[in-house]
Every structure is written in structure tokens, then in C-alpha cells.
Amino acid sequence: MDFHTICVHGYRKKYDITGSITTPIFQTATFAHLSAGQSTGYDYSRMQNPSRESVERTIAALEEGGDAIAFATGMAAAACVLELFAPGDHIIASDDLYGGTYRLFHHIAMKNGLRFSFASTPDSIGAAITRATKAIFIETPTNPLMHVIDIAQTAALARAHGLLLIVDNTFLTPYCQKPLRLGADIALHSGTKYLGGHNDTLAGFLVLKDPALTEKLRFIAKTTGACLAPFDSFLIDRGVKTLAVRMERQQQSADKIARWLTTRAEVTAVHYPGLESHPEYEISRRQSSGFGAMISFAVRDGETARRLLERVRIIQYAESLGGVDSLVTYPMLQTHADVPEAERAAKGIDERLLRLSVGLESAEDLIDDLADALERKDMDGTKI
Ligand SMILES: Cc1ncc(COP(=O)(O)O)c(C=O)c1O
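Here, residues in each chain are numbered from 1, in the same order as that chain's written sequence. This being a predicted model, a pLDDT of at least 70 is required before a residue's local features are given, and a value of 80 or more before pairs of side-chain atoms are given or counted; all residues contribute to the totals for chains, interfaces and linings. Hydrogens and waters are ignored; side-chain quantities use all the structure's heavy atoms.

(A) Region of interest: the overall build of the chain. Counting from the N terminus, the helices are the DSSP runs of H or I reaching at least four residues and the strands are the DSSP runs of E reaching at least two. Broken down by element type, the chain carries 14 helices and 12 strands. The quantity called the radius of gyration is restricted to C-alpha atoms. Its globule counterpart is 2.2 Å times the number of residues to the power 0.38. Computed over its C-alpha atoms, the radius of gyration of the chain comes to 21 Å, within 12% of the 21 Å expected for a compact globule of 384 residues. Taken across its 384 residues, the chain has 54% of its residues classed as buried. Note on definitions: a residue-residue contact is assigned when non-hydrogen atoms from the two residues lie within 4.5 Å. Considering only residue pairs separated by 6 or more positions, the chain has 72% of its internal contacts joining residues 24 or more positions apart. Here the chain carries 40 positive and 47 negative side-chain charges, and the mean point of each set is 3 Å from the other. Note on exposure labels: buried denotes an accessible area under 20% of the residue type's maximum, exposed denotes more than 50%, and partly exposed covers the range between, all computed with a 1.4 Å probe on protein chains only. For the purpose of counting charges, residues Lys and Arg are taken to be positive, whereas Asp and Glu are taken to be negative. His and the chain ends are not included. Charge coordinates come from a single atom per side chain, which is NZ of Lys, CZ of Arg, CG of Asp or CD of Glu.

Structure (C-alpha cells):
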């Protein structure tokens with residue numbers, strides 16, 4: 001079945017007798033048993049719930065996985081993966097990561113005895129492998145600097161050393177990139193972003209192909225309990241129906257905006273994997289069918305960045321990404337505030353860097369909004 005059709009029809013199991021076109025919201029904590037030891041297959045909603053099962057099956061099909069596990073947030077999905085490891089285990093992770101993942105690794109996982117190295121290419125990942133290494137965790141493209149890592153090459157490395165490869169596929173979604181097909185063991189999502197697509201709920205997913213690993217992670221998920229609630233499952237299920245058309249349109253607009261940004265004197269760098277000048281453009285072309293709708297860019301100084309945040313009118317200055325509303329984020333103060341200043345500065349996550357999530361508004365309106373916000377104007381609106 002084609003991707004577009006899976007988005008709309010998802011998991012076609014009919015859970016009720018009414019012929020309801022959508023999967024009903026099974027707003028129940030528990031399920032009645034007919035007799036001792038006899039279950040309908042649903043016992044307690046932390047373990048199974050049809051609304052959650054429906055969205056899990058749809059996401060698994062879109063990512064070409066065997067199964068998916070839905071969580072309350074993307075961070076809950078990442079925290080569940082870390083429970084696979086024991087004190088002393090070593091993980092190699094992307095050195096540019098969403099700030100919340102950085103915080104999870106540095107402030108929770110390290111306290112619990114896990115050890116980390118950070119690397120940005122398959123070669124540097126290879127050089128960091130030790131006897132204690134158990135997994136490689138990459139984001140590609142990375143948040144916020146849009147670095148791209150070759151997934152197939154990293155997967156070959158992981159396979160050769162018996163390591164688990166986890167790929168955060170939040171930015172591109174399975175519409176553009178399929179990490180499991182490229183050899184990853186786990187595709188991770190903040191479903192809050194493109195999968196939900198409307199900036200109206202939080203969710204997380206792990207998509208897997210190996211049944212034994214799935215069973216281990218389901219055990220951890222049901223035991224630690226950060227499962228996706230029935231209503232939120234419904235919202236993600238509904239959002240996914242338009243995933244393909246949203247991604248297509250949003251990335252077309254992002255391409256126009258990224259190219260326009262490169263022409264502006266106030267903009268000193270544009271990070272978008274669809275630009276031929278992007279250092280990993282060729283890798284992106286090879287491993288993904290599109291470049292997504294996330295752009296980060298540096299402006300000439302902090303004052304220009306702050307002025308843009310205050311002046312945009314259609315684009316909203318807010319954390320998060322991937323929804324129908326365009327959002328601009330100031331990584332230094334928002335998503336990456338917990339990364340130590342020196343480390344941030346060394347990477348270029350400084351007062352000049354902005355991150356733009358291109359939504360579904362017209363690209364021309366978004367460009368006009370950015371142009372107005374970038375131009376230096378007097379109090380009376382005259383250009384200076
Ligand atoms: C790439 C990436 N992964 C994971 C997360 C965490 O997701 P959530 O906010 O749903 O917990 C985010 C959140 O911004 C993200 O950008």
C-alpha cells in the first residue's frame with residue numbers, strides 16, 4: 001500500500017459494530033473480564049488500549065517496522081530506550097542533539113552510570129567504539145544545526161560491532177526518511193511534531209523491527225508507565241492522515257524560504273539540507289526522499305535575532321516544530337538552554353542562531369513576514 005493510503009487508512013481493524021470511520025476514543029482505564037483468566041486482549045490501559053494500538057500500528061506501517069510503542073512524549077520514548085542499558089554501558093551519540101535529549105543523557109543517564117561519547121560522522125563514531133559500547137544514538141538531521149549523518153554507513157558500523165542503532169527521525173518523518181530500511185534497529189519520534197502536526201498535543205514513538213527487542217521495550221514501557229493517553233492517541237491518528245500532504249507542502253515552502261534567506265545581507269549562514277551548499281547535501285539526497293521543513297540560520301548579531309523574534313507577526317516565537325503553524329525558536333534560550341554556554345558557543349548555538357519550523361501558511365506570506373522582521377526600522381516604520 002502506498003504511503004498516502006496508509007496515512008489515511010492506517011490500521012483498518014474495526015473495534016466496534018457501528019461502522020465508525022475513525023477509531024473511537026476508548027476513554028477507559030480498565031476492561032472487564034468475562035470469567036477467571038479470560039481476557040478480551042485488553043486488560044488495563046497502561047498495557048493495552050485500542051486507541052493507542054490503532055496509532056501504534058499506523059506508525060509502524062509508515063516506518064516499515066514490525067511494531068511501534070506510543071509514549072506520552074518523545075522524551076518518554078528516549079528514556080525508555082535508555083532502560084535497556086546497565087551501569088557501565090557506553091553509548092555513542094550525535095554531538096548536536098535536541099537539548100532535552102542532551103539533558104536526559106547528561107543529567108539522568110550519566111547519574112545512573114551510563115557513559116557517553118559524542119561524535120558527528122561514522123568515522124568519528126567508529127573511533128569512539130570501546131568494549132563497553134552498546135549503542136549508537138543519532139539524530140539526522142540534527143536539532144538545531146541540521147547536520148546529516150549517513151544512516152546506512154552508521155548501521156553497517158553498528159552491525160559489525162553488535163551495537164544497537166537508534167535514529168531520531170523526528171525532523172524528516174517516514175515520509176522523507178526510513179531509518180529501519182537503512183539498517184537502524186529503532187526509529188524514535190517526538191510525535192508532538194510532524195506526526196501530530198497541529199501543535200495541539202504531545203506524543204512519542206519507538207518503531208522496531210526485531211520482535212525480541214520489541215518485547216523488552218514493551219515490558220519497560222508498561223512497567224515505567226509513560227503511555228500515550230486515548231485522546232492523545234486519537235489526535236495523533238487524525239494528524240497522521242494528512243502527514244504526507246503536510247510534509248510535501250511544508251518542505252516546498254521551506255526550500256523557497258531557505259533560498260530566499262541566503263540572499264539576505266542580514267543572514268550570515270543558512271542550514272538547510274536541501275541547499276546544494278549544505279556540506280551533507282549528497283548524503284541527504286541519497287538517504288532521504290525530501291529535505292523536510294526545518295531551517296536554522298544565523299543573523300549578523302544578537303540584536304537582529306531578538307528584533308526578528310519580536311517583530312514576526314505570522315510566524316510565532318515559540319518552542320516546538322512540525323505543526324501547521326510556523327514557529328521560530330531561539331535555541332540558545334529555549335531548546336538548548338541546558339547545554340553549557342561554552343559548548344553551545346563552540347557549535348554555533350549562540351545569540352545569532354534562530355530555528356524556523358515552516359508551517360502551512362503561504363511561503364510568500366512567510367517571506368514577507370521575515371523580510372519585515374529583518375529590516376531595521378524606526379519607531380514610525382521607516383527603513384533605516
Ligand atoms: C529531535 C527531537 N527529538 C525529541 C524531542 C522530544 O520530544 P517531546 O517534546 O515530544 O518530548 C524533540 C523535541 O523538541 C526533538 O526536537
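(B) Examining the sheet that holds strand E8 (residues 267-271) more closely. Following DSSP output, two strands are said to pair if at least two bridges run between them. Taking strand neighbours across the sheet as the criterion, the five strands line up as E8-E9-E12-E11-E10 in an open arrangement whose pairing is mixed. Each edge of the sheet is formed by a strand with only one pairing partner; in this case those strands are E8 and strand E10 (316-317). The axes are straight lines fitted to the C-alpha atoms, using for helices just the contacting stretch, and the angles between their N-to-C directions are given from 0 to 180°. Together, E8, strand E9 (294-299) and strand E12 (353-357) form the strand contacts of helix H10 (residues 243-261), whose direction differs from that of E9 by roughly 15 degrees.

(C) Structural context of the side chain of Ser190. Structurally, the position occupied by Ser190 is in strand E6 (residues 186-190). Ser190 gets classed as buried once you look at its relative accessible area, which sits at 12%. In protein, a polar contact means a hydrogen-donor-capable atom and an acceptor-capable atom, both N or O and within 3.5 Å, with residues adjacent in sequence counting only if both atoms are side-chain atoms; elsewhere, any N or O pair within 3.5 Å suffices. At a separation of 3.1 Å, a polar atom in the side chain of Ser190 contacts the side chain of Lys193. Ignoring sequence-local partners within four residues, the contact set of Ser190 consists of Gly74, Thr170 and Ala203.

(D) Representation of the nonpolar core in the model. Here, nonpolar core refers to any group of buried Ala, Val, Leu, Ile, Met, Phe, Trp, Tyr and Cys residues whose side-chain atoms link them within 4.5 Å. The biggest cluster of nonpolar side chains holds 77 residues, and the ones touching the most others in it are Ile295 and Phe297. Top contributing element to this core by residue count: H10, with eight residues. Start and end points for every domain follow an automatic or database-based domain assignment. When residues of this core are assigned to domains, at least three map to each of domain 1 (3-240) and domain 2 (244-374). Ala78, Ile91, Leu164 and Leu213 belong to the second largest nonpolar core, which has 29 residues in total.

(E) Summary view of the packing of H10 against helix H14 (residues 363-374). The interhelical angle for the contact between H10 and H14, taken along N-to-C directions, is 30 degrees, at an axis separation of 9 Å. In terms of their interaxial angle, H10 and H14 are classed as roughly parallel. Regarding H10 and H14, the two cross each other, and that crossing is right-handed. On H14, the residues that touch Ser253, Lys256, Ile257 and Trp260 of H10 are Ala363, Glu364, Leu366, Ile367, Leu370, Ala371 and Leu374. Class assignment of the residues belonging to the contact of H10 with H14 gives a composition of eight nonpolar, one polar and two charged. Orientation labels follow simple angle bins: below 35 degrees gives roughly parallel, above 145 gives roughly antiparallel, 65 to 115 gives roughly perpendicular, and whatever is left gives oblique. By definition, any crossing whose near helix is turned counterclockwise from its far helix by less than a right angle is left-handed, and any crossing with a clockwise turn is right-handed. Throughout, the ten residues Ala, Val, Leu, Ile, Met, Phe, Trp, Tyr, Cys and Pro are labelled nonpolar, Asp, Glu, Lys and Arg are labelled charged, and all others, Gly among them, are labelled polar.

(F) Here's a closer look at helix H12 (residues 302-311). Here H12 has its buried residues at Gly302, Thr304, Ala305, Arg307, Leu308 and Leu309. The inward-facing, buried residues of H12 contact E9, E10, strand E11 (327-329), E12 and H14.

(G) The arrangement of the site of the ligand in detail. By nearness alone, 13 residues border the ligand, and Gly74, Asp168, Ser190, Thr192 and Lys193 come closest of all. Ser190 has a polar side-chain atom sitting 2.8 Å from an oxygen atom of the ligand. Per-class residue counts for the shell around the ligand are four nonpolar, six polar and three charged. Whether a residue is near a molecule or strand depends on its heavy atoms: it is near if one of them lies within 4 Å of it.

(H) Spotlight on the domain arrangement of the chain. Per the domain assignment, the segments of the chain are domain 1 (3-240) and domain 2 (244-374). Between the C-alpha centres of domain 1 and domain 2 there is a distance of 25 Å. Between domain 1 and domain 2, the residue contacts involve 40 residues of the former and 42 residues of the latter. Between domain 1 and domain 2, a total of about 3,200 Å² is buried, with carbon and sulfur atoms accounting for 56% of that surface. Two parts placed together each lose some accessible area under a 1.4 Å probe, and the buried area is that loss summed for both.

(I) Looking closely at helix H9 (residues 230-240). By the burial criterion, the buried members of H9 are Pro230, Ser233, Leu235, Ile236, Asp237, Gly239 and Val240. Where the residues of H9 are buried, they touch helix H1 (3-9), helix H2 (50-62), strand E7 (204-208) and H10.

(J) Spatial organisation of the sheet that holds strand E2 (residues 90-94). If you trace the seven strands from one edge of the open sheet to the other, you get E1-E7-E6-E5-E4-E2-E3, paired in mixed fashion. Since the sheet does not close on itself, it has two edges, and those belong to strand E1 (67-71) and strand E3 (115-119), each with one partner. For this sheet, the mean inter-axis angle between neighbouring strands, taken without regard to orientation, is 20 degrees. The pairing of strand E4 (residues 133-139) with strand E5 (residues 164-168) spans five bridges and is parallel. Bridge assignment links Ile138 to a residue of E5, and that residue is Val167. Taken strand by strand, helix H4 (residues 99-109) contacts E2, E3 and E4, and its axis lies near 150 degrees from that of E3.

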